[in-house]
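What the coordinates show
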Amino acid sequence: MTSTTSSSGPQSKPGGGKDHGVLYIGMDLGTSRTSVAASNGVRESVLSVVGYPKDVVSKKLLKKDVVFGKEALEKRLSQRMHRPLAKGVFKYNELPDGADRGEIETAARDLIGEAIRMAQPRKDELVYAVIGVPAQASIHNKEAILGAARASVDSVMLCSEPFAVAYGLDMLEDALIIDIGAGTTDLCRMHGTMPEEADQVTLSIAGDHVDERLATLMKAACPGAAFSNQMVKEIKERYSHLGDAPERALVSLPVDGRPTEFDVTDVVKQACSMLVQPIVDGLRRLIGTFDPEFQHKLRNRVVLAGGGSMIRGLDTAIEGMMRREMGGGRVVHVDEPVYGGANGALKIAHDMPAEYWAQLR
Amino acid sequence: MPAVAGIKKNLADAVRKLATKTSVDQLRKQGVKQVNVVGLDRIVSFVEEAVHRTLRDRLLVGERAAIADATREEFMRLLRSNEELRARQERDAEEVNALRLEMQRLNQELAERIEAAHAEERSTWESEDERIATTVRTVVSAALREGRDAASLERRVLEVVMGLVGEERRTTLEAKAAARDNEVELLQRRIQKLAGSLEDAEQKIGELARTKDGGDGISSIYREVQGLADGEDDFARRQSLMAEIFAQNLKLQKGG
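Along each chain, the written sequence defines residue order, and numbers are assigned to residues from 1. Lettering for chains starts from A, numbering for ligands starts from 1, and both go in the order in which the items are written. Side-chain atom pairs in this predicted model are given and counted only at pLDDT of 80 or more, local residue features only at pLDDT of at least 70, and totals for whole chains, interfaces and linings cover all residues. The basis for the side-chain values is all heavy atoms of the structure; hydrogens and waters are excluded.

1. As for the overall build of chain B
Helix numbering and strand numbering both begin at the N terminus, where a helix is a DSSP run of H or I of at least 4 residues and a strand a DSSP run of E of at least 2. Helices and strands together make up the secondary structure of chain B, namely 6 helices and 0 strands. Written out in order from the N terminus, the α and β elements of chain B read α-α-α-α-α-α. Per-residue burial for chain B yields a buried fraction of 13% across its 256 residues. The contacts of chain B with a sequence gap of at least 6 include a subset with a gap of at least 24, amounting to 47%. Here the accessible surface of atoms and residues is derived via Shrake-Rupley with a 1.4 Å probe, and residues count as covered only by protein chains that are part of the display. Carbon and sulfur atoms form 55% of the exposed surface of chain B, whose accessible area is close to 20,600 Å². The classification of residues rests on relative accessible area computed with a 1.4 Å probe and restricted to protein chains. Under 20% of the type maximum is buried, over 50% is exposed, and intermediate values are partly exposed. Only heavy atoms matter for contacts: two residues are in contact if any of them lie within 4.5 Å across the pair.

2. Details of the overall build of chain A
Check the secondary structure of chain A and you find 13 helices and 17 strands. Expressed as a percentage of its 361 residues, the buried residues of chain A come to 56%. Taking contacts inside chain A between residues at least 6 apart in sequence as the whole, the part at least 24 apart equals 67%. With an accessible surface of roughly 15,300 Å², chain A has 50% of that area assigned to carbon and sulfur atoms.

3. Considering the pairing of strand β14 (residues 250–255) of chain A
Residue and element names in this part refer to chain A. Taking every second residue as pointing to the same face, the buried face of β14 carries Val251, Leu253 and Val255, while none of Leu250, Ser252 and Pro254 on the other face is buried. Any two strands are treated as partners once DSSP identifies two or more bridges connecting them. Two strands pair when backbone bridges link them, and β14 and strand β15 (residues 258–263) are joined in this way by 6 bridges, in the antiparallel orientation. Note that in β15 the partner of Ser252 across the bridge is Glu261. The loop that links β14 with its antiparallel partner β15 comprises 2 residues; one of these, Asp256, has a positive phi angle of about 50 degrees.

4. Notes on the environment of Gly306 of chain A
Residue and element names in this part refer to chain A. Among the secondary structure elements, Gly306 is positioned in the loop between β16 (302–305) and α11 (314–326). With 35 residues separating them in the primary sequence, Gly306 and Gly341 have C-alpha atoms 7.5 Å apart. Ignoring any residue separated from it by four or fewer positions in sequence, one finds Gly306 in contact with Asp179, Ile180 and Pro337.

5. Describing the packing of aromatic side chains
All names here are of chain A. The rule is short: rings of Phe, Tyr and Trp, with Trp giving its six-membered ring, pair when the centres are within 6.5 Å, and they are stacked under 30 degrees, edge-to-face over 60, tilted in between. The full count for this structure, using the stated rule, is 4 aromatic pairs over all chains. A ring pair is formed by Tyr24 and Tyr128, whose centres lie 6.4 Å apart and whose planes are at 45 degrees; its orientation type is tilted. Here Tyr24, found in strand β1 (residues 21–29), pairs with Tyr128, found in strand β9 (residues 125–133); they are 104 residues apart in sequence, far enough to count as distant. Given a relative accessible area of 0%, Tyr24 falls into the buried group. Aromatic pair Phe163 and Tyr167: ring centres 5.9 Å apart, planes at 40 degrees, arrangement tilted. Residue Phe163 and its partner Tyr167 are both found in helix α5 (residues 161–168); the two are separated by 4 residues, about one turn of the helix. Classification of Phe163 by relative accessible area gives buried; the value is 0%. Relative accessible area serves as the criterion here: at 1%, Tyr167 is assigned to the buried category.

6. Overview of the sheet that holds β1 of chain A
All names here are of chain A. An order of β3-β2-β1-β9-β10 is seen for the 5 strands of this open sheet, with the pairing classed as mixed. Each edge of the open sheet is held by one strand with a lone partner, namely β3 (43–47) and β10 (155–160). Neighbour to neighbour, the strand axes of the sheet diverge by 20 degrees on average, direction disregarded. Its contacts with the sheet put helix α12 (residues 340–351) on β1, β2 (33–38), β3, β9 and β10, and the angle it makes with β1 is roughly 145 degrees. In this description, a line fitted to the C-alpha atoms serves as the axis of each element, helices being fitted only across the stretch in contact, and the angle between N-to-C directions of two axes falls anywhere from 0 to 180 degrees.

7. Observations regarding the pattern of salt bridges
Residue and element names in this part refer to chain A. Any carboxyl oxygen of Asp or Glu that lies within 4 Å of a side-chain nitrogen of Lys or Arg is treated as forming a salt bridge with it. Following the criterion strictly, the structure yields 26 salt bridges over all chains and no others. The salt bridge partner of Asp211 is Lys236, with a shortest N-O separation of 3.0 Å. Of the two residues, Asp211 is situated in helix α6 (residues 207–221) and Lys236 in helix α7 (residues 229–239); the sequence distance between them amounts to 25 residues. Comparing Asp211 with Lys236, the two get one shared label, buried.

8. Observations concerning the environment of Arg76 of chain A
Residues and elements named next belong to chain A. Mapped onto the fold, Arg76 is located in the loop between α2 (69–74) and β6 (79–82). Between the C-alpha atoms of Arg76 and Tyr52, which are 24 residues apart in sequence, the distance is 9.1 Å. In contact with Arg76, not counting residues within four places along its chain, are Met81, Ser228 and Gln230.

9. Examining unusual backbone geometry
A negative phi angle is the norm for most residues apart from glycine, just as the trans form is the norm for most peptide bonds. Residues and elements named next belong to chain A. We note that Gln120 has phi near 55 degrees; this positive angle belongs to a residue other than glycine. Within the fold, Gln120 resides in the loop between α3 (101–118) and β9. With a phi close to 50 degrees, Asp256 is a non-glycine residue in the positive phi region. By secondary structure assignment, the location of Asp256 is in the loop between β14 and β15.

10. Side note on the interface of chain A and chain B
Counting from both sides, the interface comprises 55 residues of chain A and, opposite them, 35 residues of chain B. Put simply, buried area is the surface a 1.4 Å probe can reach on two separate parts but cannot reach once they are joined, added for both. Taken over both partners, the interface formed by chain A and chain B buries close to 4,100 Å², and the fraction arising from carbon and sulfur atoms is 58%. Between the two partners, chain A and chain B, sit 2 salt bridges. Salt-bridge contacts for Asp351 of chain A lead to Arg238 of chain B; the nearest nitrogen and oxygen are separated by 2.8 Å. A 3.5 Å cut-off defines polar contacts: any pair of N or O atoms within that distance qualifies, except that in protein one atom must be a possible hydrogen donor and the other a possible acceptor, and neighbouring residues in sequence count only when both atoms are side-chain atoms. Counting across the chain A and chain B interface gives 6 residue pairs in polar contact (both at pLDDT 80 or more). Elements with a minimum of two residues in the side of chain A that touches chain B: β1, α1 (56–62), β9, α4 (139–150), β10, α5, α12 and α13 (354–359) of chain A. Considering each element in turn, the side of chain A that touches chain B owes the most residues, 5 residues, to α4 of chain A. For this classification, the nonpolar set comprises Ala, Val, Leu, Ile, Met, Phe, Trp, Tyr, Cys and Pro, the charged set comprises Asp, Glu, Lys and Arg, and every other residue, Gly included, is treated as polar. Here the residues of the side of chain A that touches chain B sort into 23 nonpolar, 14 polar and 18 charged.

11. Side note on the sheet that holds β6 of chain A
Residue and element names in this part refer to chain A. Taken in spatial order, the 3 strands line up as β5-β4-β6 in an open sheet, and their pairing is antiparallel. Looking at which strands have only one partner, the edges of the open sheet turn out to be β5 (67–68) and β6. In terms of strand pairing, strand β4 (residues 50–53) meets β6 through 4 bridges, oriented antiparallel. Note on β6: the bridge partner recorded for Val50 is His82.

Spelled out as structure tokens, the structure:
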């Protein structure tokens, strides 16, 4: 079900030992992927996809009322599928056939519940969670996320996703975080205090748009080939790059039912390149409106995070454009793109004083 | 000597209970003209005296008293058990009597009901027969009045008979259909119930599976809520950031 690794902390004792305790959970609730990091050493990630059996037959075959992530995708033909989060918030405007708002909220609640379960909390421990949400999530959506989380935890707080990344990296001052998700790309300026609205830019161009662009380009580059959105996504995740290609992207696609090999190296690069210009525009806006005395510091501490930061050569491509358009800059990417937000949220949860947690219970 | 008085009274009661009752007329019928009467007190005295003499002749003084007490107790026990036995027999007899009466009443009721059912059936059939006969008679009379030939009369009688038979068949079919509908409804209810049970069972299996997957969980490395420690780097700034995040969440969650 889950698609990445999990590990236990040095003091974890599966199934025994302690009779009580406090489990902190940091969660990155994303459009494409939801990740959790917990104070028991568990780190897990699941695709933000929820499936419900279409009928009694599929329910009987599945032997479950709900499936998540990769399992839901694999069995999608017999499921009512939901990606409950769009742009990191509840997705109300693109409902599948017959789905209603309540179904989306149920799917989101189930997804959050599953993410908490993945952290493997003990029943006798208090669970305190910090959930990273997009910088510009609406109040309504924040309330909905809180409502969904309360069913599974003792106390919960939300924080801005890019801030969580910065906090996790101890880059609270003179840094610029770029969190590239599936639905949005968030840019956040850190200057030692809590970021305000002016410190943040949210771009609607992100991973999903790259997928759409790649699908369009592949239709032209691979005549007669049949492929689904999921196949395009998998090709992107496998071969995404900018600059010199580390390997040729040779993919097998069916043409009239016959597997045919295509070279999609150039179209993948072309699709990925669509991210660079809007990001550099956002950087220019945030750096250009910052205190002139500290702009150079900001320009030289640009951090790439989120799933999109795994595009090979993206940091170099942004640096190149910054050099051309802004007179230079330095871009690095986080070591763990999938868990950057969850790690930061976990650190916030740890540092939050006890009385604050108690007041929100 | 209240103990001795008690024994005398018990002996008297026992003799009275063991005696059979009879009347002067009955004795006369048996040819008895005279009877020798012994008073109850005398009989009790005889028994008492007999016991004492026997004991006196055969036993020493100390043993006599003990055996006398034991004998007295045994005698009393026998009397009591005899009384209990009689009482039980009387109760049983009463019960049997009541059961017989009840059975008789039920048999009578059953017979009445059977007779009533038969009467109702007879009445139904009789009225049915009468109705058929009347119908046929009416048809035949009308045909004769109208001067119809035998073939026409036969056709008319056949029509009437087939109509009556058809009506009977329809009634029977309706009864069968009603019975079938009841059966179908019953089966549907059972299926519905089974479906509900199946759903519950599946849900429980699912819950069990999830519980099994979850196991007991993994303990956190913390036993208590942590928070920032005084000596940590950048303590003041981070403390301020935590306060700000909390304030935003408090406003969001509690409207504060």
